[in-house]
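Structural overview
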Amino acid sequence: MKSLSWLIGLLIVIGAIPMITHDVTLRETVFIILMYIALAESLNIILGYTGYVSFGHIVFYGIGGYVAFLMIQNYGLNIIPAMILAGLFSALVAYCLGLAILRLRGAYFAIATIGVNEAVKALITNLEQVGGAEGIYFNIKVYSAYGGAEHAIWLSYYLMLAVTIAVVIVSWFVKKSKFGLGLMAIREDEDAAITLGVNTSKYKTLAYALSALFPGMIGAIFFFKNGNIEPESAFHLTKSIEMIFMVMLGGFGTVTGPMIGAIVYERIRGFLIVSEMFKALHIAISGIILLLIVLFMPRGIIGFVRDKIPALRRFVE
Amino acid sequence: MILKVENITKRFGGLVAVNNVSFEVNEKEILGIIGPNGAGKTTLFNVISGIYKPEKGKVIFDGKDITGLPPFKIARLGIARTHQIVKPLNELTVKENVMVGACFGREYLDLDSAEKVAEDVLKFVGLYEKADLLAGKLNVPEKKRLELARALASKPKLILLDEVLAGLNPVEVMEMVEVIKKIRESGVTILMIEHLMHAIMQISDRIIVLDYGQKIAEGKPEDVANDPKVIEAYLGDPELVLKLTKR
Amino acid sequence: MLDVWIDSIISGILLGLVYGLAAIGLSLIWGVMKVINLSHGAFIALGMFTAYFLFAFGLNPYLGVPIIFALGIILGIAVYFVALHRIIDAPELSTLLSTFSISLFIIGLGTFVWTTIPYAIDIHVGSISIGNITILGTKVIAGIVSIILTILLYIFLYRTKTGKAVRAVSMNRVAAELMGINTTRILALSFGIGIALAMTAGALIATIFPFTILSGGVYELKSFVICVLGGLGSPIGALVGGLILGIIENVITLQIPTGLVPFIEFTILVAVLLIKPSGLLGGEV
């Protein structure tokens, strides 16, 4: 519990700074950091705890984004119920999809998830009812229900903070639960897990649904704030990879790892984009960094620190 | 009688790995299964524990037909097993490994009770000192004990041991044999596959012999060992059998 | 109407052969190394640009094929030692990510140098007309070159000592090692050949369609679909899978918008994975 309160405390502090300073630029930065943390923690449930490499995880963010966007635009729904609906819908899609594709193991599962993301993207791009390739833009009037665009943006910020805190709490409790123990048994050896009595297909599917729930909500918030949604940004495979990158950088299978990974990644990326010298090369440099992590720090920052300072093991989950 | 295997047949393509095998296991006995490599022993275990569905036949456990049930359900009914090639959950601690068995086994315990059970079981198999080590760091004999501990933690009525003695040195074999005897004393029925003849002959109440997927003999260890059919099929070297059974 | 269909089918076969070539590379890498090469698309794009610059320097891209192939082997071997050798026995996630990081590197650098403006190789080799059907010469040559390379690969795999060693490693690496095969060399070479096939396929595609540094991604995804159709690890399966995909793609676009092709391709991909993960024509190298 102690380590959880530290993590939540940290989140609240980070989240409160822009509220106190009313610094808009800072708010945007923190918004992105929070989003990254929440996405990385979500992915960690299926990738880090369960050991299934979901390469196209961004599909749930995109689906959530579209569901909420259409609900708000066409039916005048408030963002909060729209966000919850979007999350539940993403989770439902993951559950049904999981029943099928979670029978695949290892690389086959990874390829299938890429396939799912690309298929959904192609489908939406060709559906004129949801705006096709150009996507959809909010009617100006949408934000007036929230007291104008500025208020809507602040509301998005609060929602993102709340969702991020929720994700971290859920991750922590999953990790500490019997459910989590079952997931980790699956990660280590699925055949052993099933003979030990773990209902592997049920557990995997639930983990997949849970790991899709929050990205659906995050997509809803992001595109609500953004004011427009289009397939290329909703289902961008690179974002999927960014999520994996953050989990790996911080240390997969831990609660603290994805959080640290997300913060560090956002900082690196921010630095690379701002710096004149690196701006154009930031993708190539991200590639080199990712390679270095995979080769030399496979258990991420947390794993590295825990190996070097065993005393920290008790405190870092 | 706790387990009844009736006319089990399991094929892989053209190969009949288990051919019409039937036998019964009585409560609290140790039944040994021997046979040359490829005789179908592990396949038989995989059928009993639900990993393979047999083409023909039934497995009755505790009066219930469990044929074709998924492995996790069979585990929860009270059949636990160890694997010939150990399957430790490497990145979990030794204690967590055992807790998995306790949590999802017959008693389906919550985490706290599972932890207590895990500690008891680890003491029982002599791994308590290593409880907080990652399972991947154990050596092979320790991993074998861990397999056993995990299976025991599920509080099974029947435990299937697949070559738990293989790869151990003579002292370790002795220790493991003692542990197995203690398990039987605690009231658990044991069905075990073993290649180490002298050990299984000494420890088993009864023995069945498989060859090319078929049961070719069944009976008391000394009877089986002297059965010419067994000698021919199993070793092809009667002197070696004599040597082994005398010990 | 019939002419349109025949035209589409022939185009499909010719393009399918080229797609098949790229997919064979992916399949070979999987078969031998058990690595899903996520940098395949980046190397396909690199092949496109190599052909472009060779052409710009006055070299016919078809004559450039051996050069591109050789360059591919060298680059592939280099990448193997930099990014894969250390983690060849690690869980799949590691090799997925390390090959992906190579892809990020190439695409990042490529975007920096060449931007994402489309390039095209302005080559004319005429066309073949039979009745009302006209097939572009570039497609015909691309198809023929793909067949030749596939045959050469088969001769290499089945008739040479090194090729047999490659197959041995793909069947059982540990056993091959015990038999005295230098598996590191074989793994590096296989990755080299896989990359060389990707780059060559890219070069051939570049003679037919315009391209950018990002174009490789599309063909990489096609290669996945093809490999899954034909069975990962089976080169001949990849070739057949390529033909199937090429024909499907060219025929269905007569009926439905081109944009929906990826949707159909991936639906096929996921469906095949679920029904028969070893591929419709699954088999060993």
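Residues numbered from 1 in each chain as written. Chains lettered and ligands numbered in written order. Predicted model: local features only at pLDDT ≥ 70, side-chain atom pairs only at ≥ 80, totals over all residues. Heavy atoms only, no water.

1. Here's the deal with the overall build of chain B
Spelled out, the test is: Only DSSP runs of H or I covering at least 4 residues are called helices, and only runs of E covering at least 2 are called strands; the numbering of each starts at the N terminus. Radius of gyration here uses only the C-alpha atoms, and the compact-globule reference equals 2.2 Å multiplied by the residue count raised to the power 0.38. Think of it in three bands: with a 1.4 Å probe and only protein chains considered, a residue is buried below 20% of the maximum accessible area for its type, exposed above 50%, and partly exposed in between. Contacts are assigned to residue pairs with any non-hydrogen atoms lying within 4.5 Å of each other. The Shrake-Rupley method, run with a 1.4 Å probe sphere, supplies the accessible areas, and residue values consider only the shown protein chains as cover.
The helix and strand tally for chain B stands at 10 helices and 10 strands. Over its C-alpha atoms chain B spans a radius of gyration of 18 Å, differing by no more than 12% from the 18 Å that the globule rule assigns to 247 residues. If you line up chain B on its principal axes, its C-alpha atoms span 50 × 40 × 30 Å. Out of the 247 residues in chain B, the part that is buried amounts to 53%. Contacts spanning at least 24 positions in sequence make up 65% of the contacts within chain B whose residues lie at least 6 apart. Roughly 10,800 Å² of accessible area belongs to chain B as shown, and the carbon and sulfur atoms make up 50% of that amount.

2. Some details on the domain arrangement of chain B
Residue and element names in this part refer to chain B. Threshold: For the domain bounds, the source is a domain assignment made automatically or taken from a database. Buried surface area refers to the total accessible area, computed with a probe of radius 1.4 Å, that the two partners give up upon joining, counted for both partners together. Salt-bridge detection follows one rule: a side-chain nitrogen of Lys or Arg within 4 Å of a carboxyl oxygen of Asp or Glu. Pairs of N or O atoms are called polar contacts if they sit within 3.5 Å, as long as, within protein, a hydrogen donor faces a hydrogen acceptor (for residues adjacent in sequence, only side-chain-to-side-chain pairs).
We note that the domain assignment places domain 1 (1-78 + 157-166 + 186-247) and domain 2 (84-156) within chain B. With 14 residues of domain 1 at the contact, the number on the domain 2 side is 11 residues. Taking both partners together, domain 1 and domain 2 bury about 1,000 Å²; carbon and sulfur atoms supply 59% of that area. Inspection of the region where domain 1 meets domain 2 yields 0 salt bridges. Linking domain 1 with domain 2 are 4 residue pairs in polar contact (both at pLDDT 80 or more).

3. So, the sheet that holds strand β10 (residues 214-219) of chain B
Residue and element names in this part refer to chain B. Formally: In this scheme, strands are said to pair when DSSP sees at least two bridges between them. In this description, a line fitted to the C-alpha atoms serves as the axis of each element, helices being fitted only across the stretch in contact, and the angle between N-to-C directions of two axes falls anywhere from 0 to 180 degrees.
Taken in spatial order, the 6 strands of this open sheet run β6-β7-β8-β3-β9-β10, and their pairing is mixed. The sheet terminates laterally at β6 (79-81) and β10, the two strands that pair on one side only. Strand-to-strand twist of the sheet, defined as the mean angle between neighbouring strand axes without regard to direction, takes the value 20 degrees. Helix α1 (residues 41-48) contacts β3 (30-34), β6, β7 (158-162), β8 (189-193) and β9 (206-211) of the sheet and is inclined by roughly 145 degrees relative to β8. Set on the sheet, helix α6 (residues 170-185) makes contact with β3, β7 and β8; between it and β8 the angle comes to about 145 degrees.

4. Regarding the environment of Tyr219 of chain C
All names here are of chain C. Along the chain, Tyr219 turns up in helix α9 (residues 216-230). For the pair Tyr219 and His40, spaced 179 residues apart in sequence, the C-alpha to C-alpha distance is 8.6 Å. With near-sequence residues (within four places) excluded, Tyr219 lies in contact with Tyr19, Ile44, Met48, Ile205 and Phe209.

5. Brief notes about the nonpolar core
Counted only if it meets this: Definition of nonpolar core: a set of buried residues of the types Ala, Val, Leu, Ile, Met, Phe, Trp, Tyr and Cys, connected through side-chain atoms within 4.5 Å.
Among the nonpolar cores identified, the biggest contains 262 residues, and Phe55 of chain A, Ile180 of chain B together with Met33 of chain C are the most heavily contacted of them. Of the domains in this structure, domain 1 (1-78 + 157-166 + 186-247) and domain 2 (84-156) of chain B are the two that each give at least three residues to this core. If sequence neighbours within four positions are ignored, Ile180 of chain B has contacts with Ile30, Leu161, Val164, Leu165, Ile190, Met192 and Ile203 of chain B. Core analysis: the second largest hydrophobic core is formed by 26 residues, Leu31, Ala39, Ile66 and Leu210 of chain B among them.

6. What to know about the interface of chain C and chain A
Between chain C and chain A, the contact holds 35 residues from the first and 36 residues from the second. On the chain C side of the interface with chain A, the three residues burying the most area are Leu93, Leu97 and Leu274 of chain C, jointly 18% of the side's total. Joining chain C to chain A, the criterion identifies 1 residue pair in polar contact (both at pLDDT 80 or more). For the side of chain C that touches chain A, the elements supplying multiple residues, two or more each, are α3 (61-84), α4 (92-114), α9 and α11 (261-275) of chain C.

7. So, the pattern of salt bridges
Residues and elements named next belong to chain A. Within the structure shown, the criterion is met by 29 salt bridges over all chains. Note that Glu150 and Arg27 form a salt bridge whose closest N and O atoms lie 3.1 Å from each other. One end of the pair, Glu150, is in helix α6 (residues 149-175); the other, Arg27, is in helix α2 (residues 24-49), and 123 residues separate them in sequence. Overall, the relative accessible area of 40% leaves Glu150 in the partly exposed class.

8. Re the environment of Asn90 of chain B
Residues and elements named next belong to chain B. With respect to the helices and strands, Asn90 occurs in the loop between β6 and α3 (94-104). Overall, the relative accessible area of 33% leaves Asn90 in the partly exposed class. Along the backbone, Asn90 and Leu138 are 48 residues apart, and their C-alpha atoms lie at a distance of 9.1 Å.

9. Digging into α9 of chain C
Residue and element names in this part refer to chain C. The condition that has to hold: Expected span of a helix, by definition, is 1.5 Å for each gap between consecutive residues, and there is one gap fewer than residues.
For α9, with 15 residues, the first-to-last C-alpha span of 21 Å sits near the 21 Å given by 1.5 Å per residue. α9 sits mainly inside the fold: 13 of its 15 residues count as buried. One or two residues past the end of α9 sits Gly231, with phi positive at roughly 100 degrees.

10. Thoughts on the arrangement of the chains
Among the 2 pairs of chains that make contact, the interface with the largest number of contacts is formed by chains A and C. With no contact formed, the shortest span from any C-alpha in chain B to any C-alpha in chain C equals 13 Å.

11. Here's the deal with a nonpolar patch on the surface
Basically, it comes down to this: Each patch is built from residues that are more than 30% exposed by relative accessible area and take part in no salt bridge. Like charges join if they lie within 9 Å; nonpolar side chains (Val, Leu, Ile, Met, Phe, Trp, Tyr) join within 5 Å.
A contiguous nonpolar patch, built from Ile288, Leu292 and Phe296 of chain A together with Phe105, Leu109, Phe112 and Val113 of chain C and spanning about 630 Å² of accessible area, is present on the exposed surface. Of all the secondary-structure elements, those providing two or more residues to the nonpolar patch are α14 (282-296) of chain A together with α4 of chain C. Structurally, the position occupied by Phe105 of chain C is in helix α4. Since its relative accessible area comes to 31%, Phe105 of chain C is described here as partly exposed.

12. Focus: the pairing of strand β1 (residues 3-12) of chain B
All names here are of chain B. Where β1 meets strand β2 (residues 15-25), 7 bridges bridge the pair, whose relative direction is antiparallel. Looking across to β2, one finds that Arg11 is bridged to Val16. Between β1 and β2, which follow one another and run antiparallel, lie 2 residues, and Gly13 among them has a positive phi close to 60 degrees.

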